[in-house]
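Spelled out, the chains give:
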Amino acid sequence: MARFLVTAGPTREALDPVRYLSNRSSGKMGYAICDALITAGHEVVLVSGPTALESPANADVLQVGSAQEMHEACARQWQDCDALFAVAAVSDYRPSATQSQKIKRVNDALSIEMVANLDIVKALAATKGERLVVGFALESENGEQHARQKLESKLST
């Protein structure tokens, strides 16, 4: 029996106490992979962003919100896992500052400075040794080309 680390769902990057940036990930693919691994007799640690899905039975589920929280949870679990299925739709960017109060409408435009989040798959793959790392990516155009570029960038550590 192997122990798998699976990520699923979106991440949310706070703008202020009531707003966040996210994406439309449902988490269904990651949860389905988790269920399939459990059915095959494996142990699974599921690190999940916010979803409306019911937690898979027999999985060790860690709920997270932001990309940073997901990275921290994965980093804590990775050393005890045999493989990674990185299925979560992790935010590539976050606001450089989170406002402590709700942002008020003061004019017709608002600019938000963004900074890059750590690439979780790349960070974990850099310490994989003989372990398997599988990553999923969704693109809106030129899917195969972008997927190959992502793969190459994550392997160049």
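Just above, that's the structure.
These remarks concern the structure in this document. (Residues numbered from 1 in each chain as written. Predicted model: local features only at pLDDT ≥ 70, side-chain atom pairs only at ≥ 80, totals over all residues. Heavy atoms only, no water.)

1. Quick look at the pattern of salt bridges
- Scanning the entire structure with this criterion turns up two salt bridges.
- For Glu 43, the salt bridge goes to Arg 3, with nearest N and O atoms at 2.9 Å. Here Glu 43 is found in strand 4 (residues 43-48), whereas its partner Arg 3 is found in strand 1 (residues 3-8), with 40 residues between them in sequence.
- In this structure, the salt-bridge partner of Arg 19 is Asp 16, at a minimum N-O distance of 2.8 Å.
- Take Arg 19: its relative accessible area is 33%, and that puts it in the partly exposed class. (Salt bridge = Lys/Arg side-chain N within 4 Å of Asp/Glu carboxyl O. Helix = DSSP H or I, 4+ residues; strand = E, 2+ residues; numbered from the N terminus. Buried < 20%, exposed > 50% of the residue type's maximum accessible area, 1.4 Å probe, protein only.)

2. Topic: the packing of aromatic side chains
- Under the defined criterion, the tally for this structure stands at one aromatic pair.
- Just above the ring of Trp 78 sits the side chain of Arg 131; from NZ or CZ to the centre is 3.9 Å. (Phe/Tyr/Trp six-rings, centres within 6.5 Å; stacked < 30°, edge-to-face > 60°. Lys NZ or Arg CZ within 6 Å of the ring centre and 35° of its normal.)

3. Concerning helix 1 (residues 28-39)
- Between its first and last C-alpha, helix 1 extends 16 Å over 12 residues, near the 16 Å set by a 1.5 Å rise per residue.
- The complete set of buried residues in helix 1 reads Gly 30, Tyr 31, Ile 33, Cys 34, Leu 37 and Ile 38. Buried residues along helix 1 cover an arc of 160 degrees about the axis, so they all sit on one side. Those residues of helix 1 that are exposed and aimed more than 90 degrees away from the buried face are Lys 28 and Thr 39.
- The elements touched by buried residues of helix 1 are strand 1, strand 4, strand 5 (60-63) and strand 6 (83-86).
- Once helix 1 ends, the next one or two residues include Gly 41, with phi positive near 95 degrees. (Expected span 1.5 Å × (residues − 1). Arc of directions from axis to C-beta. Contact = heavy atoms within 4.5 Å.)

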